[in-house]
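Topology and contacts: notes
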Amino acid sequence: MDSAVSDTSPLAAAVDLGGTKIMAAIVGPGHRVTGRVKTATDVRGGAEAIVPQMAATIRKAADKAGVGLKRIAAVGACVPGPADPATGVVHRAVNLAWDHPIPLADQLSRELKGIPVTLENDVNAGTYGEFVAGAARGMQDVIGVFVGTGIGGGIVLSGELRRGPRFIAGEVGHTILQVDGPLCSCGSHGCAEVLASRSALERRIGERLAAGEKSAITQLLAKKKRKRLTSGIIRRAWKRGDPLVVEEVREMARHLGLLTASLVNVIDPQMVVFGGGVVEKMEDNLLNLVRESAYGNLMAKPGFNIVAAALGDDAGPVGAAALARARAGIDG
């Protein structure tokens, strides 16, 4: 989706704030993305230190795209927590150790010499990006499910992003699937996140290896000189037909299918879009199992599609930029 910026139309910048990295990009008409820049997030100084990092990353992206800040008419900012676009306030962000409201949009706008900033939850923005320019383009009712360290989601209904009065709509990772299941970080037991996220898969495989079970994972980790399980290593073990990994991936997919069926039974969307590192690496190996589980637990016959996200890391920036352009009244 990369494209050079060559005309004089107003542009939007997007910045995706995460616990380990900040990604910024310039997005033009037609959701064309250029000037991508990633920097490490330094969380030690709190929001006061992170906001200048976000602004600096946006400036680097503008420089890389060959445009100045004067061409930037609006900024969309993705954040990992409940966010109020009307006030520009992040209510909390656990992986940034923010446990109180922060007026991030105003602070970032000041750093950027008054460019208006629209704030959005990162997975909401990713879902919206897939809706306007990715796998769900042309749909009106869409659920996004992004599987990573945790599980996040987003909901688009009748073409509009659904946030809810407390800005927690789409927190699908905390749907309880097993009432007596493992303890989740949210304090509940048996949430989808603690059963079917990449970290849950890593935990279960690690427990079985520690108990003495054999797996190709041990050899693959040693070969790559890694201690932590990655999505790529999981894919390699799957392709080898490693029994332990096959069993655990199937269990992960079963829970993701149950989650999908529950969401579809409540919302009845046209499409469910799955994204995140594990989904990207495993491709249809995982999604076919999710489809099998989901379709077997629906109230009615399947009348919707379960598809992989198409935009990768660009989903959040594309969605955030589209929301910022709309709020600023910029066409395209």
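Residues numbered from 1 in each chain as written. Predicted model: local features only at pLDDT ≥ 70, side-chain atom pairs only at ≥ 80, totals over all residues. Heavy atoms only, no water.

**Looking at unusual backbone geometry**
Unlike most non-glycine residues, Phe167 shows phi in positive territory, near 60 degrees. Following the sequence through the fold, Phe167 ends up in the loop between strand E10 (160-161) and helix H4 (192-196). Residue Lys225 is not a glycine yet carries a positive backbone phi of 55 degrees. (Helix = DSSP H or I, 4+ residues; strand = E, 2+ residues; numbered from the N terminus.)

**What about the nonpolar core?**
Core analysis: the biggest nonpolar cluster contains 40 residues, and Val145, Val249 and Phe274 have the highest contact counts within it. Counting residues in each nonpolar core, the second largest holds 35 residues, with Val37, Val67, Trp98 and Leu108 among its members. (Core = buried A, V, L, I, M, F, W, Y, C linked by side-chain atoms within 4.5 Å. Buried < 20%, exposed > 50% of the residue type's maximum accessible area, 1.4 Å probe, protein only.)

**A short note on the sheet that holds strand E4 (residues 72-79)**
Overall, mixed pairing links the five strands, which are arranged E3-E2-E1-E4-E7 in an open sheet. A strand with exactly one partner marks an edge of an open sheet, and here the two such strands are strand E3 (32-40) and strand E7 (117-121). On average, adjacent strands in this sheet sit at an angle of 20 degrees to one another, irrespective of strand direction. The sheet contact formed by strand E1 (residues 11-17) and E4 spans six bridges and is parallel. Bridge pairing in E4 links Val15 to Ala77. Seen against the sheet, helix H2 (residues 104-111) touches E1, E4 and E7 and runs at an angle of roughly 140 degrees to E7. (Pairing = 2+ DSSP bridges. Axes fitted to C-alpha atoms, helices over the stretch in contact; angles between N-to-C directions. Contact = heavy atoms within 4.5 Å.)

**With respect to the environment of Ala47**
Checked against the element boundaries, Ala47 lands in helix H1 (residues 46-65). Between the C-alpha atom of Ala47 and that of Leu96, which follows or precedes it by 49 residues, the distance is 8.6 Å. Not counting residues within four places of it along the chain, the set of residues in contact with Ala47 comprises Pro52, Trp98, Ile102 and Gln107.

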